[in-house]
6 protein chains.
Amino acid sequence: MVYLTRREHFNAAHKLYNHSWSREKNEEVFGKCANENWHGHNYELLVTVKGNPDPDTGFLFDVKRLSNIIREHATEKLDHKNLNVDVEFMEGQMCSTENLAIAIWKQIEPHIPSPVKLHCIKLYETPRIYVEYFGE
Amino acid sequence: MVYLTRREHFNAAHKLYNHSWSREKNEEVFGKCANENWHGHNYELLVTVKGNPDPDTGFLFDVKRLSNIIREHATEKLDHKNLNVDVEFMEGQMCSTENLAIAIWKQIEPHIPSPVKLHCIKLYETPRIYVEYFGE
Amino acid sequence: MVYLTRREHFNAAHKLYNHSWSREKNEEVFGKCANENWHGHNYELLVTVKGNPDPDTGFLFDVKRLSNIIREHATEKLDHKNLNVDVEFMEGQMCSTENLAIAIWKQIEPHIPSPVKLHCIKLYETPRIYVEYFGE
Amino acid sequence: MVYLTRREHFNAAHKLYNHSWSREKNEEVFGKCANENWHGHNYELLVTVKGNPDPDTGFLFDVKRLSNIIREHATEKLDHKNLNVDVEFMEGQMCSTENLAIAIWKQIEPHIPSPVKLHCIKLYETPRIYVEYFGE
Amino acid sequence: MVYLTRREHFNAAHKLYNHSWSREKNEEVFGKCANENWHGHNYELLVTVKGNPDPDTGFLFDVKRLSNIIREHATEKLDHKNLNVDVEFMEGQMCSTENLAIAIWKQIEPHIPSPVKLHCIKLYETPRIYVEYFGE
Amino acid sequence: MVYLTRREHFNAAHKLYNHSWSREKNEEVFGKCANENWHGHNYELLVTVKGNPDPDTGFLFDVKRLSNIIREHATEKLDHKNLNVDVEFMEGQMCSTENLAIAIWKQIEPHIPSPVKLHCIKLYETPRIYVEYFGE
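Residues numbered from 1 in each chain as written. Chains lettered and ligands numbered in written order. Predicted model: local features only at pLDDT ≥ 70, side-chain atom pairs only at ≥ 80, totals over all residues. Heavy atoms only, no water.

Participant: Can you tell me about the packing of helix 2 (residues 63-78) of chain C against helix 3 (residues 97-108) of chain C, naming the residues and giving the values?
Facilitator: All names here are of chain C. Contact geometry of helix 2 with helix 3 gives a least axis separation of 9 Å together with a crossing angle of 140°. Taken together, the axes of helix 2 and helix 3 are oblique relative to one another. Between helix 2 and helix 3 lies a crossing whose hand is right-handed. Taken together, the residues of helix 3 that come into contact with helix 2 (itself represented by Ile 69, Ile 70, His 73, Ala 74, Lys 77 and Leu 78) are Leu 100, Ile 104, Gln 107 and Ile 108. Here the contact of helix 2 with helix 3 is built from residues that sort into seven nonpolar, two polar and one charged. (Axes fitted to C-alpha atoms, helices over the stretch in contact; angles between N-to-C directions. Helix = DSSP H or I, 4+ residues; strand = E, 2+ residues; numbered from the N terminus. Parallel < 35°, antiparallel > 145°, perpendicular 65-115°, else oblique. Left-handed = near helix turned anticlockwise from the far one by under 90°. Contact = heavy atoms within 4.5 Å. Nonpolar A, V, L, I, M, F, W, Y, C, P; charged D, E, K, R; others polar.)

Next up, the structure:
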């Protein structure tokens, strides 16, 4: 079993705002992240798959193909977008990095062909804050 | 003459949109950066000052004080903000990284006390794109 | 279950010296690290917690609060300090990065409120050497 | 149980080419990586060992000794070499990063003295692509 | 005057070998870099242009267009290639990083349209070694 | 004219303390940096030389030889040392990063053989603070 990771990035705007709460409560809980005019990040996304290398190619999975899957199902839907407004698969959810990592797992996982398996979504919100999700 | 650099960061949303142009022209020129719902970045800001070290301290300039000047006059006005909407000193300007670097120079320069001089504003929009401005 | 990591840093001096050994044995075992006049590092500390995101906030744990816990119980007691002399919670221990990571776990773990759990302390001694501790 | 990681690097040339296939099939599967005149990488290698710190030294394992083991059995046999041609322990295998990580495990593992155990080989092919192998 | 930098990368194989010298002299001067079976690098290329931002766009130069110029005239001719064998514009020259930086300047400079000017080619051979060329 | 840079590192302890001042004034001016029990850093040192590449080698200067000069005259005298106590060439000076950069210039400059010239000493005290010195 070998683990292969590909790193991609995207830029996006978001805010953290729970519409069932008052504005005061939002500001108290989310601080600057509740700024009504949005703020944004350069997200760095690391996708890890696992499996056994193919003896003919030495590859666990073609990294170009992995990159294409990530771009088609995740980063192209997120890059230069507003996470709260433009991204169908985040609808009805708080746009935290935690929820975004779980949502990216759900976007990518069905496209990783057996017997290769998706292992981890790691998502940097800033160079000093990141979230990991292993599918359960 | 020695050069001292302090690195700070801030997150912000923006879009590139020239209101004297049609929506079509904006999309043609700015591509994804014209997304009406904003997008954002983790900006990294490097501020360089120059001068001669003080024999008593060995310091060109106290780096904590430099950090405070940058925070008070630049990053606190930019962090978790929308550059097009929330930032007074960007009013009436296109929110490109070029213009933002020049505007940050103008914010910080008056607060660097003589004989120390501001030398450079270096601003990373992403880890692969940055702008430098030397004041002229 | 999601994992959230926050990175912080501190600078400190230390030496590696076992007082129950001769100076010769210390120099033989620890080499330059036994220098009696101390040496030091820029340590980078990554603290990972795990749990389930709160549906109201989308947060596993407020990252600002995590940062405050790390600062209050670890980095403020370590930054610009001498690990062998100034740090109560390292008393009587060799100041290796291994022992420091375990000690930081013990400092931080009691302050992570259930049901969130501390998962990992990762401590960089230099950009090319790091230690991880998972609590057992 | 503590985990200690040491990072080393080496530069090498390689190509991905399966000699039991036609040139066309190689180009179709491996793209630019099949270039008959080779291409190359700055590989970054992270070796992680695990065990309990020695009470006398505070060390899990002397990091200088770990570095020497990595250099003697892996990086000196790989640095400034052609992986397909010059490296005995890659003979008869496709020179993918996956296979190289597994081969480096086999080179290093016998030299880590009990009770310390080799835990992981992590190998960066580029700053955005890496492979991990845990020995099984 | 503002300076704008775009970072790109490419992987390539090369060797350092002066054919007017004996093999012994090549090994004495170039050490491991003279390995006849090639070695390689992940090169990181930073291209800096300078000029005044356009008031309508806020851009000194469209960074996407800069990226396309770099790719068309430099990195696509270098990526996954052998610098000594495959690259027309390095023919007859020693494939040092110094000469490669100068050659990349000559490739890119004619395609930067006036009044914008090419300012610097910065080329990392490894994360710890780089060369800069300013055109004269 | 081409510029070639080599990056090296060293770890050291220091404190900032002016013995002609009271302890109170030292603490007021230098804050945590005046801690009498020392603190320390992982310094990263970048040395840049300039000149014309040799047509026979393509090298401005052999980077291995540059590395040896830096190690012999700077980093070996600094690594795992106490800058205030152990380093002859810092005697009688405040151990600021500014002064250390100037002192390293004086150590290295006489050993760069004409016509190659030393161009810059760049010294990182932390990943977010650095000093540059160009010899005048």
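Participant: Describe the environment of Cys95(C), listing the residues and the values that go with them.
Facilitator: All names here are of chain C. Structurally, the position occupied by Cys 95 is in the loop between strand 3 (81-82) and helix 3. Each C-alpha atom of the pair Cys 95 and Asn 82 lies 9.9 Å from the other, and the pair is 13 residues apart in sequence. For Cys 95, the contacting residues outside a window of four places in its chain are His 14, Lys 15, Leu 16, Leu 83, Asn 84 and Met 90.

Participant: Let's hear about the pairing of strand 1 (residues 2-14) of chain E: which residues, and what values?
Facilitator: Most of strand 1 of chain E sits inside the fold, with eleven of its 13 residues counted as buried. Bridge analysis of strand 5 (residues 129-133) of chain B against strand 1 of chain E gives five bridges, and the strand direction is antiparallel. Of the residues in strand 1 of chain E, the one forming a bridge with Tyr133(B) is Val2(E). Summarising the sheet, strand 1 of chain E and strand 2 (residues 39-51) of chain E pair through 13 bridges and their orientation is antiparallel. Opposite His9(E), over in strand 2 of chain E, you have Glu44(E) as the bridge partner. Note: strand 1 of chain E against strand 3 (residues 81-82) of chain E, two bridges, orientation parallel. For Ala12(E), the partnering residue across the bridge sits in strand 3 of chain E and is Lys81(E). (Buried < 20%, exposed > 50% of the residue type's maximum accessible area, 1.4 Å probe, protein only. Pairing = 2+ DSSP bridges.)

Participant: Lay out the environment of Asp62(D) in plain terms, naming residues and giving numbers.
Facilitator: Residue placement: Asp62(D) occurs in the loop between strand 2 (39-51) and helix 2 (63-78). Put simply, Asp62(D) and Leu4(D) are 58 residues apart on the chain and 9.7 Å apart in space, counted from C-alpha to C-alpha.

Participant: How would you explain the arrangement of the chains if you had to name every residue and give the values?
Facilitator: For chain B and chain C, which are not in contact, the least C-alpha distance works out to 14 Å. Between chain D and chain F there is no contact; the minimum C-alpha to C-alpha separation amounts to 14 Å.

Participant: Give a description of the relation of the copies chain B and chain F that names residues and reports values.
Facilitator: The operation relating chain B to chain F is a screw motion whose rotation component is 120°, with 0.0 Å of axial translation and a residual RMSD of 0.0 Å. A rotation of that kind, with that shift, is consistent with a three-fold axis. The position closest to the rotation axis in chain B is occupied by the C-alpha of Pro127(B), lying 8.6 Å away. (Least-squares fit on C-alpha atoms with pLDDT ≥ 70 in both.)

Participant: Give me the relation of the copies chain B and chain A: which residues, what numbers.
Facilitator: Superposing the two chain copies requires a rotation about an axis and a translation along that axis. Mapping chain B onto chain A calls for a rotation angle of 180° and an axial translation of 0.1 Å; the resulting RMSD is 0.0 Å. These values place the two chain copies in the arrangement generated by a two-fold rotation axis. Comparing interface residues between copies, 100% of those in chain B also lie at the interface in chain A; the contact surface is shared.

Participant: Lay out the interface of chain B and chain A in plain terms, naming residues and giving numbers.
Facilitator: Interfaces are often sized by the accessible area lost when the parts come together. Across the boundary between the two partners, chain B contributes 22 residues, which contact 22 residues of chain A. Taking both sides of the interface into account, the surface hidden between chain B and chain A amounts to around 1800 Å²; carbon and sulfur atoms contribute 49%. For chain B, the biggest contributors to the area lost against chain A are Asn37(B), Asn42(B) and His80(B); these three give 32% of the whole. Residue Asp79(A) is joined to Lys32(B) by a salt bridge in which the shortest nitrogen-to-oxygen separation is 2.6 Å. In this assembly, chain B and chain A are joined by 17 residue pairs in polar contact (both at pLDDT 80 or more). When contributions to the side of chain B that touches chain A are tallied by element, the ones reaching two or more residues are strand 1 (2-14), strand 2 (39-51), strand 3 (81-82) and strand 4 (117-126) of chain B. Residue contributions to the side of chain B that touches chain A peak at five residues, all from strand 2 of chain B. Among the residues forming the side of chain B that touches chain A, the class breakdown is six nonpolar, ten polar and six charged. (Buried area = accessible area lost by both parts, 1.4 Å probe. Salt bridge = Lys/Arg side-chain N within 4 Å of Asp/Glu carboxyl O. Polar contact = N/O pair within 3.5 Å; in protein donor to acceptor, adjacent residues only side chain to side chain.)

Participant: Account for unusual backbone geometry, naming residues and giving values.
Facilitator: Residue and element names in this part refer to chain C. Pro 115 follows Ser 114 through a cis peptide bond whose omega is 10°. Mapping Pro 115 onto the fold places it in the loop between helix 3 and strand 4 (117-126). Even without a glycine there, the phi angle at His 80 is positive, about 60°. Along the chain, the position of His 80 falls in the loop between helix 2 and strand 3.

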